[in-house]
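# Architecture at a glance
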Amino acid sequence: MRTWVWVLFAGICSGLGVTAATVAWPIGNSVEKISQAGDVDRGAYLARASGCIACHTNTEDGGAPLAGGAPLKTDFGKFYPPNLTTDLEFGMGSWTIEQFAKAVRQGISPDGDPYYPTFTYPFYANFTDQDIADLWAAFQTVPAVNQSTLPHDTAFPFNQRWGLKLWRAAFLAPTNVEPVPDKSDAWNRGKLLVRGAAHCAACHTPRNLAGARISSKRFTGNALLPVGGKAPSILPDDLEAEGWNVDDLAYALRSGVTPSGDVFGGSMAEVVQLGTRFLTDDDLKAMAIYIMDSDI
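Since the model is a prediction, treat every value here as computed from it, not as a measurement.

The rules behind each value
- Residues numbered from 1 in each chain as written.
- Predicted model: local features only at pLDDT ≥ 70, side-chain atom pairs only at ≥ 80, totals over all residues.
- Heavy atoms only, no water.
- Axes fitted to C-alpha atoms, helices over the stretch in contact; angles between N-to-C directions.
- Helix = DSSP H or I, 4+ residues; strand = E, 2+ residues; numbered from the N terminus.
- Parallel < 35°, antiparallel > 145°, perpendicular 65-115°, else oblique.
- Left-handed = near helix turned anticlockwise from the far one by under 90°.
- Contact = heavy atoms within 4.5 Å.
- Nonpolar A, V, L, I, M, F, W, Y, C, P; charged D, E, K, R; others polar.
- Buried < 20%, exposed > 50% of the residue type's maximum accessible area, 1.4 Å probe, protein only.
- Polar contact = N/O pair within 3.5 Å; in protein donor to acceptor, adjacent residues only side chain to side chain.
- Phe/Tyr/Trp six-rings, centres within 6.5 Å; stacked < 30°, edge-to-face > 60°.
- 1 Å grid on protein atoms, 1.4 Å probe; cavity = no way out; pocket = protein on both sides within 12 Å on 5 of 7 lines; lining within 4 Å.
- Points joined across faces, edges and corners; volume = space filled by probe spheres on them.

A few words now on the packing of helix α4 (residues 97-106) against helix α5 (residues 129-139). Two numbers describe how α4 lies on α5: the axes approach to 10 Å, and their chain directions differ by 110°. Taken together, the axes of α4 and α5 are roughly perpendicular relative to one another. Once α4 is placed against α5, the crossing between them reads as right-handed. Residues Ile-97, Phe-100, Ala-101, Val-104 and Arg-105 of α4 touch α5, and the partners they reach there are Asp-129, Ile-132, Ala-133, Leu-135, Trp-136 and Phe-139. Each residue belonging to the contact of α4 with α5 can be placed in one class, and the counts come to nine nonpolar, no polar and two charged.

Spelled out as structure tokens, the structure:
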């Protein structure tokens, strides 16, 4: 009997030791000083393309821009997009640009804690220092809103944020936005937007039981979106079978109107209303060109 007690005790101690080591495990890379001057207009454009306004503004309840978004209901709990205004207490008013860079590109808070993967930071991992400087300059123009957001509503074990370190080790993989030499400039620009800032795969790719995107099924669609509903396949063959072409897709990203005369609903309507309709015609066409030829 005593032997089993000691075995149990040793197992508990071992488990506690692993937990303590994981909690203390530092994550992320140091950020070099960012000294570039930011372009407010370019930063605002990039923020639109990246979905910042759409996610962090609770439009349904008349919330102030970037003061916190509507809750995202998932199988792991309910998540509340935080306040991104210049408020010193509840927003980013006390942050440095380097802390902002680490949050955007690495998904790590100023306190060193990992963000939940409802934040689409893996798609922003390749943002340049100039991109960060431009975004930062744009966010500095947002009026402060002294408003807190509710804490995430998650049950054990998902409320143990340190566990995200293990999730990151297993699943974190920044998206590939590197240009392909034998493709056109428009195609490569489209790839940069679709697989980077616009993070189309966040919705149009299925996820595994741990909530990580299944990279081998990129763009094949997702029947279980966090906000309900589903996102269809945007693979070229599937789009062509539904009657889409480059011009139709570019127009839909501007207007929300499909080739059949129907309109986007749900979260895609929000993407257009608060994001893609503000992009240039050239960028929308580039996105459409890439999506309609995204087999590589």
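Moving on, we come to the side chain of Arg-105. Mapped onto the elements of the fold, Arg-105 is located in helix α4. For Arg-105, a relative accessible area of 17% gives the class buried. A polar side-chain atom of Arg-105 sits 3.0 Å from a polar atom in the side chain of Asp-129. Excluding its chain neighbours within four sequence positions, the residues that come into contact with Arg-105 are Val-31, Ile-34, Tyr-121, Tyr-124, Ala-125, Phe-127, Thr-128, Asp-129 and Ile-132.

Turning our attention to the packing of helix α2 (residues 40-49) against α5. Running from N to C, α2 and α5 point in directions that differ by 95°, and their axes come no closer than 7 Å. It follows that α2 is roughly perpendicular to α5 by the angle criterion. Along its contact with α2, which presents Val-40, Arg-42, Gly-43, Ala-44, Leu-46 and Ala-47, the element α5 presents Gln-130, Asp-131, Asp-134, Leu-135, Ala-137 and Ala-138. Of the residues in the contact of α2 with α5, the class split is seven nonpolar, two polar and three charged.

This paragraph deals with helix α12 (residues 281-291). An α-helical turn contains 3.6 residues, so a residue and the one three or four places further along point in the same direction. If you check which residues of α12 are buried, you get Asp-283, Leu-284, Ala-286, Met-287, Ala-288, Tyr-290 and Ile-291. Where α12 is buried, its residues touch α2, α7 (185-197), α9 (236-241) and α10 (246-255).

This brings us to the packing of aromatic side chains. With the rule as written, the count across this model stands at eleven aromatic pairs. Measuring from centroid to centroid gives 5.7 Å for Trp-167 and Phe-171, while their planes differ by 50°, and the two rings are tilted. With a gap of four residues between them, Trp-167 and Phe-171 both fall in helix α6 (residues 164-171), about one helical turn apart. Given a relative accessible area of 15%, Trp-167 falls into the buried group.

Here we come to unusual backbone geometry. Backbone torsion omega between Phe-156 and Pro-157 reads 5°, so that peptide bond is classified as cis. With respect to the helices and strands, Pro-157 occurs in the loop between α5 and α6. Here Leu-66, not a glycine, exhibits a phi torsion of approximately 65°, which is positive. Mapped onto the fold, Leu-66 is located in the loop between α3 (52-56) and β1 (72-74). For Leu-66, a relative accessible area of 6% gives the class buried.

Counted as a void, the second largest pocket has a volume near 350 Å³. When the residues that make up the lining of the second largest pocket are grouped by side-chain class, the tally is 13 nonpolar, six polar and four charged.

So far we have only geometry, and geometry alone does not tell us how the molecule works.
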